[in-house]
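A structural walkthrough
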Amino acid sequence: KKWTPRRKVWTTWPPQMSRTVSDTASAKVGIDVSADAVLEVAARLRVEALKKVDDDPTAAMLATRQSFQLQQQYGHDAGELCAACAAVCRVQRRLAAPRAPAAAVDTLCSALDTLDAWAARDGRDAGAEVDFLWRELWGLSRSLCAADQIGAPTLEALRAADRCLERIAAVGLRRPLLIETSSLGDRDNEVRLTAEEILFQQADIAQRSADACITQSNSAPAEMRQRDREAATFFLNRAVRKIKLAGATERDPVLRDIRARIEALEAAPVPAPAAASAAPAAAPAAPTAAAADDGACVIS
């Protein structure tokens, strides 16, 4: 007789073989694997990785990042998500030492994105955890802007600090930004981060970014390369916009000083191409430091 395979009859349709925890906390990851089991493995992975962060930070980075991703995908506990996020940031700080870890900005913002998604799914806001994450961003922005034993902050660090403030400002649209609260419930003694303070901080970062563009140029400000002048002008114009959004008037001395700097940059002569001054019959000389750096790009 011809053999006919029997059809499997599913008790539910469609077959629940790849459910995530977006439905319930005890959902199945696979046929016989629950989300809680995966999260338990993620927690162990994080704990073991932090024990070896000083001996092998690269391996610890891989393990903590995997633990964080599992919490984002299968988790439901905001506290555990913040713990996984903090573990990644700790390893990133170890790898970036002695400088502040600019890569931690993406990690903290990703955790905030996950909390926002959970809040939209569950209809409730993780208030304490959101406060923890934006305060971490606030502290990170200050560390990125501070000078260290290597020297002044780089342009990359200043840009990362500005991204921190942008995300904090977005959080401030939905909730008050309390840096310090009163134990007695007295609102007069609370320390709040206002939108105006964030704007002034962003203006300061923009001015320091312009200074970094000028410093990295190998010639005087009046003769510096065209792209460095355009980059510095861009950051100074950004500082003007932030200060005006904060409520400053045109008579503000800081605003007038920035406008004077912009005018000086725009009035500076455009440097002639290096190839135009070279003699046609001259032998090719070794590239100078300025010519070697001419292929670098400040703003993509």
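Quick caveat, the model's predicted, so the values are computed rather than measured.

This brings us to the overall build of the chain. From N to C terminus, the chain includes ten helices and two strands. Along its sequence from the N terminus, the chain presents helices and strands in the succession α-α-α-α-α-α-β-β-α-α-α-α. For the chain, buried positions account for 36% of its 300 residues. Within the chain, contacts between residues separated by at least 24 positions form 65% of all contacts whose residues are at least 6 apart in sequence.

Moving on, we get to the nonpolar core. Leu 115, Leu 133, Leu 140, Leu 144 and Ile 168 are the most contacted members of the largest nonpolar core, which totals 44 residues. Put simply, the parts of the chain that give this core at least two residues each are helix H2 (57-74), helix H3 (78-96), helix H4 (104-122), helix H5 (127-145), helix H6 (155-172) and helix H7 (195-215). The contacts of Leu 133, once residues within four sequence positions are left out, are Cys 82, Cys 85, Leu 108, Ala 111, Leu 112 and Leu 115. Among the nonpolar cores identified, the runner-up in size contains 19 residues, and Ala 206, Ala 232, Ile 243 and Leu 265 belong to it.

Now for the environment of Gln 66. Tracing the chain through its elements places Gln 66 in helix H2. On the basis of relative accessible area, Gln 66 is assigned to the partly exposed category, the value being 44%. For the pair Gln 66 and Arg 46, spaced 20 residues apart in sequence, the C-alpha separation works out to 8.6 Å.

The next thing to look at is the packing of aromatic side chains. If you walk through the whole model with that rule in mind, you get one aromatic pair. Here Phe 234 and Phe 235 contribute two aromatic rings whose centre-to-centre distance is 5.3 Å and whose plane-to-plane angle is 70°, an arrangement assigned as edge-to-face. In this structure Phe 234 comes out as partly exposed when scored by relative accessible area, which is 41%.

Moving on: H3. Along an α-helix, residues three or four positions apart point the same way, because every turn accommodates 3.6 residues. Counted at 1.5 Å a residue, the expected span for H3 with its 19 residues is 27 Å, and the 27 Å between its end C-alpha atoms agrees. The backbone nitrogen of Gly 79 has a side-chain oxygen 2.8 Å away, supplied by the residue at the start of H3, namely Asp 77.

A few words now on the confidence of the model for the chain. Averaged over all residues, the pLDDT of the chain equals 79, while 72% of them reach at least 70. Within the model, the stretch residues 7-26 combines pLDDT values under 50 with 24 contacts to residues more than four positions away or in other chains. Between residues 274-300, whose pLDDT stays under 50, and residues either more than four places distant or in other chains, the model counts 21 contacts.

Before going further, it helps to spend a moment on the pattern of salt bridges. One side chain can pair with another of opposite charge once the charged atoms of both are near each other. Taken as a whole and judged by the stated rule, the model has 16 salt bridges. Across the pair Asp 54 and Arg 94 runs a salt bridge whose closest N-O atoms are separated by 3.6 Å. Within this pair, whereas Asp 54 is found in the loop between helix H1 (35-51) and H2, its partner Arg 94 is found in helix H3, the two being separated by 40 residues in sequence. Since its relative accessible area comes to 55%, Asp 54 is described here as exposed.

A word on the packing of H2 against H4. Running from N to C, H2 and H4 cross one another at 15°; their axes reach a closest spacing of 10 Å. With respect to each other, H2 and H4 are oriented roughly parallel. Read as a crossing pair, H2 and H4 show a hand that is left-handed. Residues Phe 68, Gln 71 and Gln 72 of H2 pack against Thr 107, Ser 110, Ala 111, Thr 114 and Trp 118 of H4.

Turning our attention to H1. If you check H1, its first and last C-alpha atoms are 25 Å apart, about what 17 residues at 1.5 Å a residue would give, namely 24 Å. All of the buried residues in H1 are Ala 35, Val 38, Leu 39, Ala 42, Arg 46 and Ala 49. Seen from one end, H1 has its buried residues packed into an arc of 95°, which puts them on one side. Seen from the buried face of H1, the exposed residues on the opposite side, beyond 90 degrees, are Arg 44 and Lys 51. Each element contacted by the buried residues of H1 is listed here: H2 and H3.

If you trace the backbone, Thr 233 turns up in helix H8 (residues 226-245). Filtering out sequence-adjacent residues up to four positions away, Thr 233 remains in contact with Ile 262, Leu 265 and Glu 266.

Reading the values: the criteria
- Residues numbered from 1 in each chain as written.
- Predicted model: local features only at pLDDT ≥ 70, side-chain atom pairs only at ≥ 80, totals over all residues.
- Heavy atoms only, no water.
- Helix = DSSP H or I, 4+ residues; strand = E, 2+ residues; numbered from the N terminus.
- Buried < 20%, exposed > 50% of the residue type's maximum accessible area, 1.4 Å probe, protein only.
- Contact = heavy atoms within 4.5 Å.
- Core = buried A, V, L, I, M, F, W, Y, C linked by side-chain atoms within 4.5 Å.
- Phe/Tyr/Trp six-rings, centres within 6.5 Å; stacked < 30°, edge-to-face > 60°.
- Expected span 1.5 Å × (residues − 1).
- Polar contact = N/O pair within 3.5 Å; in protein donor to acceptor, adjacent residues only side chain to side chain.
- pLDDT = per-residue confidence, 0-100.
- Salt bridge = Lys/Arg side-chain N within 4 Å of Asp/Glu carboxyl O.
- Axes fitted to C-alpha atoms, helices over the stretch in contact; angles between N-to-C directions.
- Parallel < 35°, antiparallel > 145°, perpendicular 65-115°, else oblique.
- Left-handed = near helix turned anticlockwise from the far one by under 90°.
- Arc of directions from axis to C-beta.

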